[in-house]
Amino acid sequence: MKKLLSFWAAALLLLGLAAAPARAADALPAAVTFELDKADLSADATKAIAAAAEQAKGVAGSRVLVSGFTDTSGSAPHNDELAKKRAFAVRDALVKAGLPESQVLLVKPSAVESGGDPAKARRVELSLLAPGAAAPAAEMLLVVAEVAAPAEAAPAAPPTPDKGDVTFMYVATVLVILMTIPGLALFYGGLVRSKNMLSVLMQVFVTFSMISVLWVVYGYTLAFGGPGAFFGNFSKMFLSGVTPSSVAATFSKGVYIPELQFVAFQLTFAAITPALIVGAFAERMKFSAVLLFMALWFTFAYIPMAHAVWYWDGPDAIKDQATLDAVVANAGYLWAKGALDFAGGTVVHINAGVAGLVAAYMVGKRLGYGKEALAPHSLTLTMVGAALLWVGWFGFNVGSNLEANGTAALAFINTLVATAMAVLAWMFAEWMVKGKPSMLGAASGAVAGLVAITPACGFVGIMGALAIGLAAGLICFWGVTGLKKMLGADDALDVFGVHGVGGIVGALLTGVFASPSLGGAGICNYITNECGNPADFPGIGAQLWIQFQGVLWAIGISAVVSIVALLIIKMVVGLRVSEEDEREGLDTTSHGESAYKY
């Protein structure tokens, strides 16, 4: 029996187009018949739907009714779901062809009795609802919200952040501050000679403070203020428009945190990154030159990398392929390419490591380098600093998830075990090569592991984290021994050997161990609202190539900006203290005080 008795069938009378406004609906040149048990559109069907969209766009104020059928034979739930998927597929094709989603009405599928025309149940028809014509009743539609006119819709209430997520982010932000001041300051301070202890503490402390101010003045708006490949815009200068009620997206649909909290969390990343560079030119650079370099490098190296890797419109902006394409078009350059960097392997560590290497070359070697002992004055303080870094790094990595859920737990345990593995790997490598395991080696191994797991912590499985920690411990040990000798630069506290090399190792291995085939978490598909599906992962080779491009961009941007900035500073104020001041120590000559009284 060919029975099509339902409300919508009666409503879809084939009436005229705009030329006959009294009519309610008109047939469009599109009626799609799907394959048995399938909801995929053929190329011909897509073309027909595109033609229908063009016709509908030519009639101002019109809407398109998408009407399907469901077979009453077989499994009713399966048939109903299949009919809905077919209707949604047609709707998505109309939107992709340029028809606003508000102009598409999905009518609930009508039943076709068993024994009727079997092809009819696989058919979706399109009809044009003329301007001013009444739409079907709400109970007849699949998506009721689309019946209401957009102009009459009440404004959506702002999302309410979850108090648990808010508390989680407060703790994470404080932990990142802890890893900088005092963690990084003490780690670096213990590694220099006693006459330069305060100078290192001062450089880290003031760099953190200065970048914090620059971040709220213009850093945040250029990094997260709007679309662009490497920079945002100036719409949020001095945090204009950022209020206690404004919110920032996370990585889950419908989940938000206060935007001011996001500003503060990202501020700590922006502030610690330049501070990492201090270790490369420690004990010989002018304090004024340090501050000028930090301001220039932050503006032209950190901000564009942060925007390129991390800026996007958020998951709620993605509903279908058309909206995904729009999000990609607005996103940062490397985010749009699909680069994975959970917490800053490229943005923070490679970026800072390369800047440190360039600065070590351009500032020059310390007096007596390679001729006299330049040993650390307090490995005890270095150990305390390393421990504070490890603890604070949980805020750095876990907080980068922006919400308290299972992915945050994965980032937490990965940060823990990768670091522990790197400590062991470095220690045993040093033991074998030098005959004794050292406390400095263990602390350096911990930092190397923390660096390498940073881009990967939310993407890889626990076995992947162990593999990354092992690789980081071994390769970074070579980075501060064999590679350092090959490069010939006086990178005083091994910024490039640990942060640069470790960041490269972590960024590349993220592309390998993020694969679901190797126990990784994969990536999220915000159209299907599913994370970790192996079909969505581009493949290890393809992702590794994307990661490699991210590494190259980080190296290139940081190197060029560092060279130009240091050349400018050299002409303006000079880079290096006098030989006499360097021999006496920067604590007294630059700051007029001493760390210790004997």
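Reference entry: report on the structure contained in this document. (Residues numbered from 1 in each chain as written. Predicted model: local features only at pLDDT ≥ 70, side-chain atom pairs only at ≥ 80, totals over all residues. Heavy atoms only, no water.)

**Some remarks on the overall build of the protein chain**
And step 1. Across its full length, the protein chain holds 19 helices and eight strands.
And step 2. When each of the 598 residues of the protein chain is scored for burial, the buried share is 51%.
And step 3. Nonlocal contacts in the protein chain, meaning residues at least 24 apart in sequence, comprise 79% of its contacts between residues at least 6 apart.
And step 4. Looking at the protein chain as shown, the accessible area adds up to about 24400 Å², and 66% of this sits on carbon and sulfur atoms. (Helix = DSSP H or I, 4+ residues; strand = E, 2+ residues; numbered from the N terminus. Buried < 20%, exposed > 50% of the residue type's maximum accessible area, 1.4 Å probe, protein only. Contact = heavy atoms within 4.5 Å. Areas by Shrake-Rupley, 256 points an atom, 1.4 Å probe, with all protein chains shown as cover.)

**Description of the packing of helix α4 (residues 163-191) against helix α5 (residues 197-224)**
And step 1. Close contact between α4 and α5 brings their axes to 8 Å; oriented N to C, the two are set at 155°. On the basis of the axis angle, α4 is roughly antiparallel to α5. Crossing of α4 against α5: the hand is right-handed. Residue-level inspection shows Ile177, Thr180, Ile181, Leu184, Ala185, Leu186, Tyr188, Gly189 and Gly190 of α4 in contact with α5, the latter providing Met197, Val200, Leu201, Val204, Phe205 and Phe208.
And step 2. A breakdown of the residues in the contact of α4 with α5 according to their chemical character gives twelve nonpolar, three polar and no charged. (Axes fitted to C-alpha atoms, helices over the stretch in contact; angles between N-to-C directions. Parallel < 35°, antiparallel > 145°, perpendicular 65-115°, else oblique. Left-handed = near helix turned anticlockwise from the far one by under 90°. Nonpolar A, V, L, I, M, F, W, Y, C, P; charged D, E, K, R; others polar.)

**Some details on the layout of surface pockets**
And step 1. Counted as a void, the second largest pocket has a volume near 790 Å³.
And step 2. Lining the second largest pocket are 34 residues, with Leu440, Val480, Lys484, Ala492 and Asp494 sitting closest to its centre.
And step 3. Looking at the lining of the second largest pocket, the elements with two or more residues in it are α4, α12 (406-434), α13 (439-453), α15 (482-487) and α16 (495-513).
And step 4. The element that contributes the greatest number of residues to the lining of the second largest pocket is α13, accounting for four residues.
And step 5. Considering only residue class, the lining of the second largest pocket consists of 19 nonpolar, seven polar and eight charged. (1 Å grid on protein atoms, 1.4 Å probe; cavity = no way out; pocket = protein on both sides within 12 Å on 5 of 7 lines; lining within 4 Å. Points joined across faces, edges and corners; volume = space filled by probe spheres on them.)

**Remarks on the packing of aromatic side chains**
And step 1. Summed over the entire model, instances satisfying the criterion amount to 24 aromatic pairs.
And step 2. Summarising the aromatic geometry, the rings of Trp215 and Tyr220 are spaced 6.1 Å apart at their centres and angled 70° between planes, so their arrangement reads as edge-to-face.
And step 3. Between the aromatic rings of Trp215 and Phe224, the centroid separation amounts to 6.3 Å while the plane-to-plane angle is 75°, which identifies the pairing as edge-to-face. There is no split in this pair, since Trp215 and Phe224 are both buried.
And step 4. Pairwise contacts between aromatic rings join Trp215, Tyr218, Tyr220, Phe224, Phe262, Phe298 and Tyr302 into one cluster. (Phe/Tyr/Trp six-rings, centres within 6.5 Å; stacked < 30°, edge-to-face > 60°.)

**Observations regarding the nonpolar core**
And step 1. In this structure, Tyr188, Trp215, Phe293 and Tyr302 are the most contacted members of the largest nonpolar core, which totals 128 residues.
And step 2. The leading source of residues in this core is helix α7 (residues 287-310), at 14 residues.
And step 3. Within the second largest apolar cluster, 20 residues are counted, among which are Val32, Ala93, Val124 and Leu126. (Core = buried A, V, L, I, M, F, W, Y, C linked by side-chain atoms within 4.5 Å.)

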